[in-house]
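These are the residues of each chain, in order.
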Amino acid sequence: MLEHIPAWLGHALVNVRAGAEKLTVLQPGLVDIGHATLELSSPAFAQDAMMPARFTADGEGVSPPLVWSAPPTGTASFALLVEDADAPALQPLVHAIIWGIPADTGRLAEGAIVAEGAGDAQGDVGRNSYLREGWLPPDPPTGHGDHRYAFQLFALDATTPDPGDSPGRGALVEAMTGHVLAAGLLVGRYARGAVADAPVTGGGSFSGLPGSVAPA
């Protein structure tokens, strides 16, 4: 999809970015300052580091493995939302949604984010920005610079309403509001071509959670 945008256009759009401040985890009223923080990480890449190509449209396109710390008391389930803060759009591009992950789960295996019925996904899989279930592999425009992919994990209480079948971002956020007990944030980067010539300069910064990172 976005990999087909020509390099000259990617360079021209380098400062056209959704912005980190629009990520779900940073929206006012969803995650309060007093909430606990989940330690979310990946065995495949470090916080704010480049993701291996196998997790992108340039490789196998499978979802990366994720692990996280124990949630606070009262957690009934988890929801995971992955967004591209630097998509050349008005809003971050949604790459994956999973909700209803059991509270005793502490990891997702590599390749686990797939359409329901197509694998061993833990929980219910929602729709990405291309209106498909499963993992949407990163495919930033050539020459657009680093894109920051925010893996956002939410611990939810027992009264969280059902967001419906195959929910999108809006339905998930509506269901989670008022029910988040803790949240975690992991950022992985990916870029195509001329990275040094196209730094992130217009994407905003991550703040509001311990471990948040600023743009390059």
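Note that the structure is a prediction, hence the values are computed from the model and not measured.

Engineer: Tell me about the side chain of Thr56, residues and numbers included.
Structural biologist: Structurally, the position occupied by Thr56 is in the loop between strand E3 (49-50) and strand E4 (66-68). For Thr56, a relative accessible area of 0% gives the class buried.

Engineer: A description of the sheet that holds strand E2 (residues 40-41) should follow, citing residues and the corresponding values.
Structural biologist: A sheet is described by the order of its strands in space; here three strands give the open sequence E2-E4-E7, paired in antiparallel fashion. This sheet does not close on itself; its edge strands, each paired only once, are E2 and strand E7 (107-108). The sheet contact formed by E2 and E4 spans two bridges and is antiparallel. Of the residues in E4, the one forming a bridge with Leu40 is Trp68.

Engineer: So what about the environment of Lys22? Which residues, and what values?
Structural biologist: Mapping Lys22 onto the fold places it in the loop between helix H1 (7-12) and strand E1 (36-37). Note: C-alpha distance between Lys22 and Leu90 (68 residues apart in sequence) is 9.1 Å.

Engineer: Account for the packing of aromatic side chains, naming residues and giving values.
Structural biologist: Under the counting rule described, the total for this entry stands at three aromatic pairs. Arranged with centres 5.4 Å apart and planes meeting at 65 degrees, the rings of Trp68 and Phe78 form a pair that is edge-to-face. In this pair, Trp68 is assigned in strand E4 and Phe78 in strand E5 (residues 77-84), connecting sequence segments ten residues apart. Phe78 matches Trp68 in its accessibility class, with the two residues each being buried. For the ring pair Trp135 and Phe151, a centre distance of 6.0 Å and an interplane angle of 20 degrees mean the geometry is stacked. Of this pair, Trp135 sits in the loop between strand E8 (124-125) and strand E9 (147-156) while Phe151 is found in strand E9, placing the two residues 16 residues apart along the sequence. Pair check on accessibility: Trp135 and Phe151 agree, each one buried.

Engineer: Summarise the confidence of the model for the protein chain; cite the residues concerned and give the values.
Structural biologist: For the protein chain, the mean per-residue pLDDT works out to 83, and 79% of the residues sit at or above 70. Looking at the elements of the protein chain, mean pLDDT is at its lowest for H1, recorded as 36, and at its highest for E4, recorded as 98. The model gives residues 5-14 a pLDDT under 50, and that stretch makes 18 contacts with residues more than four places away or in other chains. Note that residues 194-205 has pLDDT below 50 and, in this model, 38 contacts with residues that lie over four places away or in other chains.

Engineer: I'd like to hear about the pattern of salt bridges, residue by residue, with values.
Structural biologist: Taken as a whole, this structure holds seven salt bridges when the rule is applied. Between Glu110 and Arg54 there is a salt bridge, and its shortest N-O distance comes to 3.6 Å. Of the two residues, Glu110 sits in the loop between E7 and E8 while Arg54 sits in the loop between E3 and E4, which places them 56 residues apart along the sequence. Residue classification places Glu110 among the partly exposed positions, given a relative accessible area of 40%. In the salt-bridge network here, residues are joined through shared partners; they are Arg17, Asp86 and Arg148.

About the thresholds
Residues numbered from 1 in each chain as written. Predicted model: local features only at pLDDT ≥ 70, side-chain atom pairs only at ≥ 80, totals over all residues. Heavy atoms only, no water. Helix = DSSP H or I, 4+ residues; strand = E, 2+ residues; numbered from the N terminus. Buried < 20%, exposed > 50% of the residue type's maximum accessible area, 1.4 Å probe, protein only. Pairing = 2+ DSSP bridges. Phe/Tyr/Trp six-rings, centres within 6.5 Å; stacked < 30°, edge-to-face > 60°. pLDDT = per-residue confidence, 0-100. Contact = heavy atoms within 4.5 Å. Salt bridge = Lys/Arg side-chain N within 4 Å of Asp/Glu carboxyl O.

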